[in-house]
Amino acid sequence: MEDNLLYKYISGEASETEKKEVTEWIQESPEHLHEYLTQRKLYNIALWQDTPIDKNNANKGKPPIKYVLQNRKN
């Protein structure tokens, strides 16, 4: 599964056809489900990371979520 398609699915940007493709892929094997859950957890963590922690912009210099998910190494 392409990381970009999985990201679109997780972030709610996937088309109906893409949603069906990802859903079928997830259901194919426990390994696919594990990969999906791992990506979903990373997405959720990154959402919290993108939220400013304080008025001093504690996240300054950190890459945005989309960059992190699309450029991670397997």
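Residues numbered from 1 in each chain as written. Predicted model: local features only at pLDDT ≥ 70, side-chain atom pairs only at ≥ 80, totals over all residues. Heavy atoms only, no water.

A.B. asks: Could you clarify how one ought to interpret the pattern of salt bridges in this entry?
C.D. replies: Pairs can form between side chains of opposite charge once their charged atoms are near each other. If you walk through the whole model with that rule in mind, you get three salt bridges. Lys 8 is the partner of Glu 18 in a salt bridge, and the nearest nitrogen-oxygen pair spans 2.8 Å. Linking Glu 18 in helix H2 (residues 16-28) with Lys 8 in helix H1 (residues 3-11), this pair joins segments that are ten residues apart in sequence. Under the relative-accessibility criterion, Lys 8 is labelled partly exposed at 23%. For Glu 16, the salt bridge is made with Lys 19, and the minimal N-O distance between the two is 3.2 Å. Residue Glu 16 and its partner Lys 19 are located together in helix H2, separated by three residues, close to a single helical turn. Given the relative accessible area of 62%, Glu 16 is considered exposed. (Salt bridge = Lys/Arg side-chain N within 4 Å of Asp/Glu carboxyl O. Helix = DSSP H or I, 4+ residues; strand = E, 2+ residues; numbered from the N terminus. Buried < 20%, exposed > 50% of the residue type's maximum accessible area, 1.4 Å probe, protein only.)

A.B. asks: I'm lost on the nonpolar core in this one. Help?
C.D. replies: The nonpolar side chains of a soluble globular protein tend to be buried with one another. The biggest cluster of nonpolar side chains holds nine residues, and these are Leu 5, Leu 6, Tyr 7, Ile 10, Val 22, Trp 25, Ile 26, Tyr 36 and Tyr 43. Secondary structure elements with two or more residues in this core: H1, H2 and helix H3 (30-50). The element that contributes the greatest number of residues to this core is H1, accounting for four residues. The residues contacting Leu 5, other than those within four sequence positions of it, are Glu 18, Glu 21 and Val 22. (Core = buried A, V, L, I, M, F, W, Y, C linked by side-chain atoms within 4.5 Å. Contact = heavy atoms within 4.5 Å.)

A.B. asks: I would appreciate a short explanation of the confidence of the model for the protein in the present structure.
C.D. replies: When pLDDT drops low, the exact placement of atoms in the prediction is not to be read closely. Per-residue pLDDT for the protein averages 79, and the proportion of residues at 70 or more is 65%. Element-level pLDDT for the protein is lowest in helix H4 (residues 65-70), with a mean of 58, against a maximum mean of 97 in H2. (pLDDT = per-residue confidence, 0-100.)

A.B. asks: What should I look at first to understand the packing of aromatic side chains in this one?
C.D. replies: One pair of aromatic rings is described through two measures. These are the centre distance and the angle between the planes. Summed over the entire model, instances satisfying the criterion amount to two aromatic pairs. Ring centres of Tyr 9 and Tyr 36 lie 5.9 Å apart, and the angle between their planes is 75 degrees; this geometry places the pair in the edge-to-face category. Linking Tyr 9 in helix H1 with Tyr 36 in helix H3, this pair joins segments that are 27 residues apart in sequence. Taking the relative accessible area as the measure of exposure, Tyr 9 reaches 24% and is therefore partly exposed. The buried category is assigned to Tyr 36, whose relative accessible area is 16%. (Phe/Tyr/Trp six-rings, centres within 6.5 Å; stacked < 30°, edge-to-face > 60°.)

A.B. asks: Where do I start with H1 in this structure?
C.D. replies: Think of an α-helix as 3.6 residues a turn; residues three or four steps apart then line up on the same face. Listed in full, the buried residues belonging to H1 are Leu 5, Leu 6, Tyr 7 and Ile 10. Positive phi appears at Gly 12, one or two residues downstream of H1, with a value of about 85 degrees.

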